Amino acid sequence: MTDVDSQYPQSRAATLEIAGGTRPFGIGSASARSALLTILGEFVRPRGQAVWTSTLLRALAEIGVEQKAARQAISRMAQEGLLVSERSGRRVRWSLTEAGATLLRDGADRIYGFLRADREWDERWLVVTVAVPEAQRSLRHRLRTQLTWLGMGSPSPGLWVIPDAGKEGAVLAVLDELGLRAKAFAWIGTWVPVDDVRTLISAAWDLDELADKYRHFTAWTTEMTPLTSAEAFVAQVELVHEWRRFPFLDPDLPASLLPSDWPAVRAVDAFDASHKRWHDTAQAQWDVWAEQEGG
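Residues numbered from 1 in each chain as written. Predicted model: local features only at pLDDT ≥ 70, side-chain atom pairs only at ≥ 80, totals over all residues. Heavy atoms only, no water.

Undergrad: It is not clear to me how the sheet that holds strand β8 (residues 184-190) should be interpreted in this structure. Could you clarify?
TA: Hydrogen bonds along the backbone pair up the strands of a sheet, which may run parallel or antiparallel. The sheet built from four strands is open, its strands ordered β6-β7-β5-β8 with antiparallel pairing. The sheet is open, and its two edges are formed by β6 (153-156) and β8, each paired on a single side. Neighbouring strand axes in the sheet, compared pairwise and without regard to direction, differ in orientation by 30 degrees on average. Of the pairings in the sheet, the one linking strand β5 (residues 124-130) to β8 comprises seven bridges and is antiparallel in character. The residue bridging Val130 from the neighbouring strand is Ala184, located in β8. The strands that helix α5 (residues 137-149) touches are β5, β6 and β7 (159-162); relative to β7, the one it contacts most, it runs at about 15 degrees. (Pairing = 2+ DSSP bridges. Helix = DSSP H or I, 4+ residues; strand = E, 2+ residues; numbered from the N terminus. Axes fitted to C-alpha atoms, helices over the stretch in contact; angles between N-to-C directions. Contact = heavy atoms within 4.5 Å.)

Laid out in structure tokens, this is it:
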């Protein structure tokens, strides 16, 4: 696989050939910051080296991010303390701060460890009730976002559940951070079969929609056929970018609570196989761009 075009493309993401001519995913419409995080995590952090602004702009251009949005994303991450700049004449290169490296390392652990480990379930549930007034919409949103990230589901307003008592500390940390601990109540216990547990699960999590996303993702990885090294780079970034959404969407329920044909396992296999297939070529393409821009 070779790069057949050494010029800056308008958007090489738009040239990827896929069976049927459809591209269900694409970073061009995603936030530039999110795309930048993926690139930093996949190509910058593993090398532990500074990267020129021009290299980041070129890589982001390849996946359809306009230069203005790309520069804003870099600047925003610097303001957040995740990147630090170093000037060399009129040029600038960027290094990850300790906070930035930690953020990306934690993200990589979650992305590459997600759904990989078999775990025994002790059949205990963590149940939390917390009341946030309707007028405090921002606080309600932050609470929902953080508890959802932990895998909790809300079968009814103000009630949160998860079949994982080990999340107690993380949940209490969220309540403390948001100043809601005094307004919350929490229990750990086993399920009392007053109703079919599947009724609770369907109310707390939309597993049908999640299953569709997994099937869509798996089909996409099968159909994706990068033709050049630059397209392999785009494919790799899109692959990781899309996969990193699943730890937020999937509560990672015990197997006994999931449908027998749950498609997550096939999606994991598809991610791992595609990542391995495109990895070396994508990394080599990054090194070419870094050398060209650094010269």
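The rest of the description comes next.
Undergrad: What should I look at first to understand helix α2 (residues 53-62) in this one?
TA: An α-helical turn contains 3.6 residues, so any two residues separated by three or four positions project in the same direction. Buried residues dominate α2, accounting for nine of its 10 residues. A positive backbone phi angle near 90 degrees is found at Gly64, which sits one or two residues after α2. (Buried < 20%, exposed > 50% of the residue type's maximum accessible area, 1.4 Å probe, protein only.)

Undergrad: Help me out: how do you make sense of the environment of Ser75 in this one?
TA: Here Ser75 lies in helix α3 (residues 67-79). Ser75 sits 10 residues away from Ser85 along the chain, and the two C-alpha atoms are 9.7 Å apart.

Undergrad: Quick question: what am I supposed to make of helix α4 (residues 98-113) here?
TA: The terminal C-alpha atoms of α4, which comprises 16 residues, lie 22 Å apart, in line with the 22 Å expected from a rise of 1.5 Å per residue. Turning to α4, its buried residues number three or more, namely Gly100, Leu104, Ala108 and Ile111. The buried residues of α4 occupy an angular sector of 70 degrees when the element is viewed end-on, so they sit on one face. For α4, exposure combined with an orientation more than 90 degrees from the buried face picks out Glu98 and Asp109. (Expected span 1.5 Å × (residues − 1). Arc of directions from axis to C-beta.)

Undergrad: Looking at this structure, how should I read the side chain of Thr221?
TA: Tracing the backbone through its elements, the reader meets Thr221 in helix α8 (residues 207-223). In this structure, Thr221 is in contact with Leu239, Ala270, Ser274, Arg277 and Trp278, ignoring residues within four places of it in sequence.

Undergrad: Whenever I open this one, the pairing of strand β4 (residues 91-96) confuses me. Can you help?
TA: Looking along a regular strand, one sees the side chains alternate between the two faces of the sheet. Pairing geometry for strand β2 (residues 51-52) and β4, over two bridges, is antiparallel. From the neighbouring strand, Val51 faces β4, where its bridge partner is Trp94. Of the pairings in the sheet, the one linking strand β3 (residues 83-88) to β4 comprises six bridges and is antiparallel in character. For Glu86, the partnering residue across the bridge sits in β4 and is Arg93. Hairpin geometry of β3 and β4 is characterised by an intervening segment of two residues between the two adjacent antiparallel strands and by a positive phi of about 70 degrees at Gly89.

Undergrad: Could you clarify how one ought to interpret the sheet that holds β4 in this entry?
TA: Strands sit in the order β2-β4-β3 across an open sheet of three strands; the sheet is antiparallel. Pairing within the sheet leaves two strands with one partner each, and these edge strands are β2 and β3.

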